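Summary of structural features
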Amino acid sequence: MRANEKTVIVHPDVVLVPYRTEHVAKYHEWMTSAELRELTASEPLTLEEEYEMQRKWQVDEDKLTFILLSGTSLDAQEGEDTLAPERLRALPMIGDVNLFLKGTPAEYANRKNEDHQCGDGDEDEDDDTFEVEVEIMIAEPAYRRRGIAHTALQLLLSYATDPAAPAPLPVPKEKLVARIGDKNEPSIRLFEKLGFAVTKRVPVFEEVELRYVGANATPWISGTVKTLVLEEGAE
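Residues numbered from 1 in each chain as written. Predicted model: local features only at pLDDT ≥ 70, side-chain atom pairs only at ≥ 80, totals over all residues. Heavy atoms only, no water.

So, on to unusual backbone geometry. Note that the residue after A167, namely P168, is joined by a cis bond; omega there is 10°. By the element assignment, P168 lies in the loop between α6 (148-161) and β7 (176-181). With omega at 0°, the peptide bond leading from L169 into P170 counts as cis. Position of P170 among the secondary structure elements: in the loop between α6 and β7. (Helix = DSSP H or I, 4+ residues; strand = E, 2+ residues; numbered from the N terminus.)

Right, here's the structure in full:
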């Protein structure tokens, strides 16, 4: 998504950066793992196809993708508004986090306004088709079960739902959804901590659907948003 092509979200434990060409080789290495492909419902791609996918995702307006870097060794100075790629290359790449938009927030808001003006208490059928699916992958085993996924999701969701977020963001919280394998209890509990609740079980796909309901959720933490300084023509 062009909206985040120069956006870095910094936290002491994890740093969210745009998915760039320099990340593709490592990402492709991850996706040679049958376990990760199964967990992410991904098909095996060649390295060339991965590069093409990265270029596509960088401009698609329905995919918000950040690569996760370990933030423990980043010395980000207070008041520093920008970061150069060189400052980030030494940080270990550990996973990714994504939002997939089905429809646009603007269209959804317009339909809601039209229904309100018409006095229609029922949502338009098309409203039910708009959703924002949340996904996360901690690919490096050494960084699992350390709370990083919980932190990274909060940083992403805080950024994407902030009224000040760039178009086509922000997204409405009530349209956030996650689909998880029904035996993946740790991931289900993770999303429940973030205010999601199981709303549907799909036995044929062996998965559950969770939607944001705000139940028993503490406010999401937000990171420090900085601008990635890129040379002209850099991808």
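Next comes the rest of the account.
Here strand β6 (residues 131-138) pairs with β7 via 2 bridges, running parallel. Looking at β7, one finds that E133 is bridged to V177. Between the parallel pair β6 and β7, the chain is carried across by α6, and the sense of this crossover is right-handed. Bridge count for β7 against strand β9 (residues 207-212) is 5 bridges, and the pairing is antiparallel. Looking at β9, one finds that R179 is bridged to E209. (Pairing = 2+ DSSP bridges. Right-handed = clockwise from strand over helix to strand, strands pointing away.)

Membership of the largest hydrophobic core comes to 42 residues, with the highest contact counts inside it found for L16, L64, L99, V134, L176 and F196. Taken together, the elements giving at least two residues each to this core come down to β2 (14-18), β3 (63-70), β5 (93-102), β6, α6, β7, α7 (185-193) and β9. Considering every element that reaches this core, the biggest residue donor is α6, with 9 residues. Filtering out sequence-adjacent residues up to four positions away, L99 remains in contact with D62, K63, L64, V132, E133, V134, L156, L157 and A160. Counting residues in hydrophobic clusters, the runner-up holds 20 residues, among them V10, V15, L74 and M137. (Core = buried A, V, L, I, M, F, W, Y, C linked by side-chain atoms within 4.5 Å. Buried < 20%, exposed > 50% of the residue type's maximum accessible area, 1.4 Å probe, protein only. Contact = heavy atoms within 4.5 Å.)

A few words now on the sheet that holds strand β10 (residues 224-228). Spatially, β4-β10-β1-β2-β3-β5-β6-β7-β9-β8 is the arrangement adopted by the 10 strands of the open sheet, whose pairing is mixed. Only two strands of the sheet have a single neighbouring strand rather than two, namely β4 (82-83) and β8 (196-202). Direction of pairing for strand β1 (residues 7-10) relative to β2: antiparallel, over a ladder of 2 bridges. Residue pairing in the sheet places V10 in a bridge with V15 of β2. Sheet contacts for helix α1 (residues 21-30): β2, β3, β5 and β6; angle to β5, the most-contacted strand, approximately 90°. (Axes fitted to C-alpha atoms, helices over the stretch in contact; angles between N-to-C directions.)

Take the packing of aromatic side chains next. In this structure the tally under the stated criterion is 7 aromatic pairs. Ring pairs connect the aromatic residues F191, F196, Y212 and W220, which therefore count as one cluster. Positioned above the aromatic ring of W220 is the side chain of K173, whose terminal nitrogen or guanidinium carbon lies 4.8 Å from the ring centre. (Phe/Tyr/Trp six-rings, centres within 6.5 Å; stacked < 30°, edge-to-face > 60°. Lys NZ or Arg CZ within 6 Å of the ring centre and 35° of its normal.)

The first and last C-alpha atoms of α6 sit 20 Å apart over 14 residues, in line with the 20 Å expected at 1.5 Å per residue. Taken across its 14 residues, α6 has 13 buried, putting it largely inside the fold. (Expected span 1.5 Å × (residues − 1).)

Another point: the side chain of S158. One can find S158 in helix α6. Overall, S158 belongs to the buried group, its relative accessible area being 14%.

Turning our eyes to something else, we now look at the pattern of salt bridges. Per the counting criterion, the structure on display carries 17 salt bridges. With a closest N to O distance of 3.8 Å, D182 and K183 form a salt bridge. In this structure D182 comes out as partly exposed when scored by relative accessible area, which is 25%. The class for K183 is exposed, based on a relative accessible area of 67%. If you follow the salt bridges from partner to partner, you end up with E131, E133, R179, E209 and R211 in one network. (Salt bridge = Lys/Arg side-chain N within 4 Å of Asp/Glu carboxyl O.)

Let us now look at the environment of L39. With respect to the helices and strands, L39 occurs in helix α2 (residues 34-40). Through-space distance from the C-alpha of L39 to that of M137 is 8.5 Å; in sequence the pair is 98 residues apart.

For the rest of this paragraph, the subject is α7. Turning to α7, its buried residues are I188, L190 and F191. Burial along α7 is one-sided: seen end-on, the buried residues are contained in an arc of 155°. Its buried side turned inward, α7 meets β6, α6, β7, β8 and β9. Count one or two residues on from α7 and you reach G195, which has phi positive near 100°. (Arc of directions from axis to C-beta.)

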